[in-house]
Amino acid sequence: MTETNPSETDSPKEEENAEDDSTNQSPPETVLTPATTSAGNIFGPEEDENEANSVDRDDSASLFSTTTTTTRSKSPNTRKLNRLCRRAKAPKMVPPLYKYSCHVREDHNHQIFGVQFNPFLDRNQPQVFATVGKDRVSIYECERSSEDESCEGIRLLQVYADPDTDESFYTCAWSYDAETGDPVLAAAGYRGVIRIFNPVKHQCSKNYIGHGHAINELKFHPVRPQLLLSGSKDHSLRLWNIQTDVCVAVFGGVEGHRDEVLSIDFDLRGDRIMSSGMDHSLKLWRLDKPDIREAIELSSAFSPNKNTGPFPTIKEHFPDFSTRDIHRNYVDCVQWFGDFVFSKSCENSIVCWKPGKLSAPWQEIQPQESATTVLHHFDYKMCEIWFVRFAFNAWQKILALGNQQGTTFVWELDCNDPNLTKCSQLVHPKSNSTIRQTSFSKDGSILVCVCDDSTVWRWNRVN
């Protein structure tokens, strides 16, 4: 466990995002593709497949967001990274916690950047997850058979094709309609447009425009299902109310991120947001402050028919904590772990840390706080490109992350001493492409991984 203090550095030139917020409730011309032809072939444990070459997005522009495109297939500052990286320690390896079930290949031949299980389904309901890649949003069901495990597979339910073929979706998130109980799926990516889908009605019901550039991640509030958070290439975060179609708050500006926001997350109570980005920084934004809490309540009662003016969106320029001491490169994934934070960069290590000293409560953390406490490093190999994201199971007892060689690392976190954490690797001879994201089913019995070669992999928990 180490405590660090940041060195004094000159701040970059201040920038603010002056984009206007706008919402459009009319459904875009989204195409619903029949589920019989969009997933390609399904491969079981004993079946063969025709290997296809992975088609990556070929962006020839710079790695930094001063340009209009950003490549996600290269390692930023590789030489500098190799000099600065910690020497990885070999974790305690154990037999795999999951076994291979099957995999499918989507027919767009592009990278699949995101995958998310619907966490609001009951245990007796079929487990459903969504993937996003190219201009497609695909919804699958995990088939189960208690009698014959060979019958377990992945069944494609729906595919949405964006009307703009230049769209490339990077992220998706699930919620539900508080009035009808219908599932709600949000997706966004390269064009900076948030699409809201109703899978029950097979339609794209809403879309939101406000960010000036691509959207890298979406997260729904853990308590208020109508609140949606987005992090963007325009250096800002935005909080939306999808029930009343307003932008509640914009986080960024004077002391905000200086480059793309790559990852965002709510804590379990929904009172705090942690964000990370290309500027190597992690920033804390509190939602329990009086002005933001009032804006959230006001947004729930706002009606454009009754109010003559636009909604008074809060502009939050100052985070409640900020650090650049945890990572020395792009921070492409961050998630809360109770009152601690897990984050990763291109350094072959997931870091568990907290702001301030270990004994300091969160309520006493001040914006000018400079100390951070690193509790543990979860090391792995061969993952030196950015936009590769890890996942916890629902109880945060299992952590999973894929790498550039198609291997998935799984850590069991249910031990008192982090040094005794068990780690296993999931490997398959045909899994040799970069794994972009992983996701667990609600009961933790299924792990799904998505890859650069358009494949979706299912792994079942070993009983």
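Residues numbered from 1 in each chain as written. Predicted model: local features only at pLDDT ≥ 70, side-chain atom pairs only at ≥ 80, totals over all residues. Heavy atoms only, no water.

Helix and strand counts for the protein come out as 2 helices and 34 strands. A burial count over the protein gives 57% of its 463 residues as buried. Look at the contacts in the protein between residues 6 or more apart in sequence, and 61% of them connect residues 24 or more apart. Summed over its atoms, the accessible surface of the protein is roughly 20,400 Å², and 47% of this surface lies on carbon and sulfur atoms. (Helix = DSSP H or I, 4+ residues; strand = E, 2+ residues; numbered from the N terminus. Buried < 20%, exposed > 50% of the residue type's maximum accessible area, 1.4 Å probe, protein only. Contact = heavy atoms within 4.5 Å. Areas by Shrake-Rupley, 256 points an atom, 1.4 Å probe, with all protein chains shown as cover.)

Attention now goes to the sheet that holds strand β20 (residues 272-277). Read from one edge of the open sheet, 4 strands run β19-β20-β21-β23, paired in antiparallel fashion. Of all the strands in the sheet, just β19 (261-266) and β23 (321-323) have a single pairing partner and so form its edges. Taken pair by pair, the neighbouring strands of this sheet meet at an average axis angle of 15°, ignoring direction. Bridge count between strand β21 (residues 282-286) and β23: 3 bridges; the pairing is antiparallel. Paired with Lys 283 across the bridge in β23 is Ser 322. (Pairing = 2+ DSSP bridges. Axes fitted to C-alpha atoms, helices over the stretch in contact; angles between N-to-C directions.)

Picture a little ball the size of a water molecule; that probe, rolled over the atoms, points out where space is still empty. Considered as a void within the structure, the second largest pocket measures approximately 1,000 Å³ in volume. Around the second largest pocket, the lining is made up of 35 residues, and of these Gln 116, Pro 119, Lys 219, Asp 265 and Gln 335 lie nearest the centre. Going through the elements one at a time, β7 (112-117), β11 (169-176), β15 (215-220), β19, β24 (333-337), β28 (391-392) and β32 (435-440) are the ones with two or more residues in the lining of the second largest pocket. By residue class, the composition of the lining of the second largest pocket is 18 nonpolar, 11 polar and 6 charged. (1 Å grid on protein atoms, 1.4 Å probe; cavity = no way out; pocket = protein on both sides within 12 Å on 5 of 7 lines; lining within 4 Å. Points joined across faces, edges and corners; volume = space filled by probe spheres on them. Nonpolar A, V, L, I, M, F, W, Y, C, P; charged D, E, K, R; others polar.)

Within this structure, the stated rule accounts for 23 salt bridges. Close ionic contact of Glu 217 with Lys 219 constitutes a salt bridge, the shortest N to O distance being 3.9 Å. The structure contains a network of salt bridges with shared partners spanning Asp 267, Arg 269, Asp 271, Arg 272 and Asp 339. (Salt bridge = Lys/Arg side-chain N within 4 Å of Asp/Glu carboxyl O.)

We now examine the nonpolar core. By size, the foremost hydrophobic cluster in this structure holds 20 residues, and its most contacted members are Leu 229, Leu 237, Leu 239, Val 248, Phe 251, Ile 273 and Leu 287. The set of elements that each furnish at least two residues to this core consists of β16 (227-232), β17 (237-241), β18 (246-251), β19 and α2 (290-301). Of the residues forming this core, the biggest block, 4 residues, is contributed by β18. Look past the residues within four positions of Val 248 in its chain and what remains in contact with it is Leu 227, Leu 239, Trp 240, Asn 241, Ala 295, Ile 296, Ser 299, Phe 311, Thr 313 and Ile 314. Residues Ile 350, Cys 383, Phe 392 and Trp 411 belong to the second largest nonpolar core, which totals 17 residues. (Core = buried A, V, L, I, M, F, W, Y, C linked by side-chain atoms within 4.5 Å.)

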